Amino acid sequence: MNINILFLLTFSVFHNAFGLYFYMGETQRKCFIEEIPDETNVIMAYSVELHGLDPGGGGTMLSSDIALHVEITDPENKIQLSRTYSLKGRISFTSHKSGEHRICMNSNSTAWFSGTQLKVQLEIQVGVGAVNYEEIVKREKLSDVQLRIRQLLDQVEQITKEQNYQRYREEIFRYVSDDTNHVVLWFAVIQAVIVLMMGAWQIRHLKSFFEAKKIV
């Protein structure tokens, strides 16, 4: 197997699924960025707990009055998804543009007890990791060999999308580099012209001064 394909496949395996958790105050808005190729499925499984002390002195508590608002914007800053969800569930969407997708979360409530905060556990699956193969097997009645072939085809398709995205990023980087080089070049040319003009002006001024003093 080509070493580049092997690297991309390994990268795809690690990139397609990851989990995290974070704490969020009642007035906070947490955002993070996920780089996603175009036409790629994304599934986010989440659960939310309200941590803090209730009036009776208890520990962790859950409130059905609190919900989680999720907003997802694409690389062009267009809102792709904006909804309010319950404290536990799954969110799925399909990217339509390659690039950085911003995922923001905040609570829909500000009536919390003092000292409480949300603990959000989030697992994100991208591309092949977001495909439910068990459901596909039941629906299409695939054999083990057919399932494995289907998985390999999906992996190849995902690798192709990631390669296209990396090429797109390379083109953007090359464009920025070329643009920067042109700016630096023109700045150097303008600086050289200014220096020559100042030198010519100084020579002319000195010549006029010496002629006025009848030195030359």
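The model shown is predicted, which means the values in this text are computed figures rather than measured ones.

Calculation criteria
Every residue gets a number counted from 1 within its own chain, in the order that chain's sequence is written. Only residues with pLDDT of 70 or above have their local features reported here, since the model is predicted, and side-chain atom pairs are shown and tallied only from 80 upward, although totals for entire chains, interfaces and linings are computed over all residues. Hydrogens are left out, water is left out, and the side-chain values use all remaining heavy atoms of the structure. We count a stretch as a helix when DSSP gives it H or I for four or more residues in a row; a strand needs E for two or more, and each element gets its number in order from the N terminus. Burial classification: accessible surface area is computed with a 1.4 Å probe over protein chains only, and a residue below 20% of its type maximum counts as buried, one above 50% as exposed, and the rest as partly exposed. Should any heavy atoms of two residues lie within 4.5 Å, those residues are considered in contact. Any pair of nitrogen or oxygen atoms within 3.5 Å is treated as a polar contact; in protein, a donor-acceptor pairing is required on top of that, and neighbouring residues in sequence qualify only through side-chain atoms on both sides. UniProt positions are given in the numbering used here, feature names are shortened, and annotations may be inferred rather than shown by experiment. One less than the residue count of a helix, multiplied by 1.5 Å, gives the span that helix is expected to have. Only strands that DSSP links by at least two bridges are regarded as paired with each other. For helices, the fitted line uses only the C-alpha atoms of the stretch in contact; every axis is such a line through C-alpha atoms, and the angle between N-to-C directions lies from 0 to 180 degrees. Every patch collects residues that have over 30% relative accessible area and no salt bridge, joining them within 9 Å if they carry like charges and within 5 Å if they are nonpolar side chains (Val, Leu, Ile, Met, Phe, Trp, Tyr). Every accessible area reported is derived by Shrake-Rupley at a probe size of 1.4 Å, with residue values counting cover from the shown protein chains alone. Here a salt bridge means any side-chain nitrogen of Lys or Arg lying within 4 Å of a carboxyl oxygen belonging to Asp or Glu. Note on terminology: disulfide denotes any pair of cysteine sulfur atoms within 2.5 Å.

**Topic: the overall build of the protein**
Move 1: Counting its secondary structure elements, the protein contains 3 helices and 8 strands.
Move 2: Counting from the amino terminus, the protein carries its helices and strands in the arrangement α-β-β-β-β-β-β-β-β-α-α.
Move 3: A total of 216 residues make up the protein; the buried ones form 31% of that total.
Move 4: When contacts within the protein are restricted to residue pairs at least 6 apart in sequence, those whose partners lie at least 24 apart make up 73%.

**Details of the side chain of Asp-74**
Move 1: The residue Asp-74 is located in the loop between β4 (68-73) and β5 (79-85) in this model.
Move 2: Among the polar contacts made by the side chain of Asp-74, one reaches the main-chain amide nitrogen of Lys-78 at a distance of 2.8 Å.
Move 3: Not counting the four nearest positions on each side in its chain, Asp-74 is found in contact with Gln-80, Lys-97, Glu-100 and His-101.

**Looking at the UniProt feature "transmembrane region" (unreviewed entry) in the protein**
Move 1: UniProt's entry tags residues 183-203 with the feature "transmembrane region" (unreviewed entry), counted in the numbering of this structure.
Move 2: In residues 183-203, the share of helix is 100% and the share of strand is 0%. The end C-alpha atoms are 30 Å apart.

**Thoughts on unusual backbone geometry**
Move 1: With phi around 50°, Glu-39 is a residue other than glycine that occupies positive phi space.
Move 2: With respect to the element layout, Glu-39 can be found in the loop between β2 (29-36) and β3 (41-51).

**Concerning helix α3 (residues 144-212)**
Residues spaced three or four apart along an α-helix point in a common direction, a consequence of the helix completing one turn every 3.6 residues.
Move 1: When the terminal C-alpha atoms of α3 are compared, their 101 Å separation across 69 residues agrees well with the 102 Å that a helix rising 1.5 Å per residue should span.
Move 2: Of the residues making up α3, those classed as buried are Leu-147, Asp-154, Gln-158, Ile-159, Lys-161, Glu-162 and Tyr-165.

**A few points about the environment of Thr-84**
Move 1: Among the secondary structure elements, Thr-84 is positioned in strand β5.
Move 2: Assessed through its relative accessible area of 43%, Thr-84 is described here as partly exposed.
Move 3: A C-alpha to C-alpha distance of 6.5 Å links Thr-84 and Ala-67, two positions 17 residues apart in sequence.
Move 4: Setting aside residues up to four positions removed in sequence, Thr-84 forms contacts with Ala-67, Leu-68, His-69 and Asn-108.

**Remarks on the sheet that holds β4**
Move 1: Across the sheet, which stays open at both edges, the 4 strands sit in the order β2-β7-β4-β5 with antiparallel pairing between neighbours. Of all the strands in the sheet, just β2 and β5 have a single pairing partner and so form its edges. Mean inter-strand twist for the sheet, computed between neighbouring axes without regard to direction, equals 15°.
Move 2: Two strands pair when backbone bridges link them, and β4 and strand β7 (residues 99-107) are joined in this way by 6 bridges, in the antiparallel orientation. Paired with Glu-71 across the bridge in β7 is Cys-104.

**Quick notes on a nonpolar patch on the surface**
Move 1: On the surface, Leu-185, Trp-186, Val-189, Ile-190, Val-193, Ile-194, Met-197, Met-198 and Trp-201 cluster together into a nonpolar patch covering about 960 Å² of accessible area.
Move 2: By the element assignment, Val-189 lies in helix α3.

**Observations regarding the pattern of salt bridges**
If the charged atoms of two oppositely charged side chains come close together, the side chains can form a pair.
Move 1: Going through the model one piece at a time under the given rule, you end up with 6 salt bridges.
Move 2: Among the ionic pairs, Glu-76 bridges to Lys-97, the shortest N-O distance being 3.6 Å. Of this pair, Glu-76 sits in the loop between β4 and β5 while Lys-97 is found in the loop between β6 (88-94) and β7, placing the two residues 21 residues apart along the sequence.
Move 3: Three or more residues are tied together by salt bridges with common partners; here these are Glu-76, Lys-78 and Lys-97.

**With respect to the state of the cysteines**
Move 1: Per the stated rule, a full pass over the model turns up 1 disulfide.
Move 2: One disulfide in the model links Cys-31 with Cys-104; its S-S distance is 2.1 Å. Handedness of the Cys-31-Cys-104 disulfide follows from its S-S torsion of about 115°: it is right-handed. Pair noted here: Cys-31 is in strand β2 and Cys-104 is in strand β7, with a separation of 73 residues, a long-range link.
Move 3: The exposure class assigned to Cys-31 is partly exposed, which follows from its relative accessible area of 36%.
Move 4: The class of Cys-104 is buried, set by a relative accessible area of 4%.

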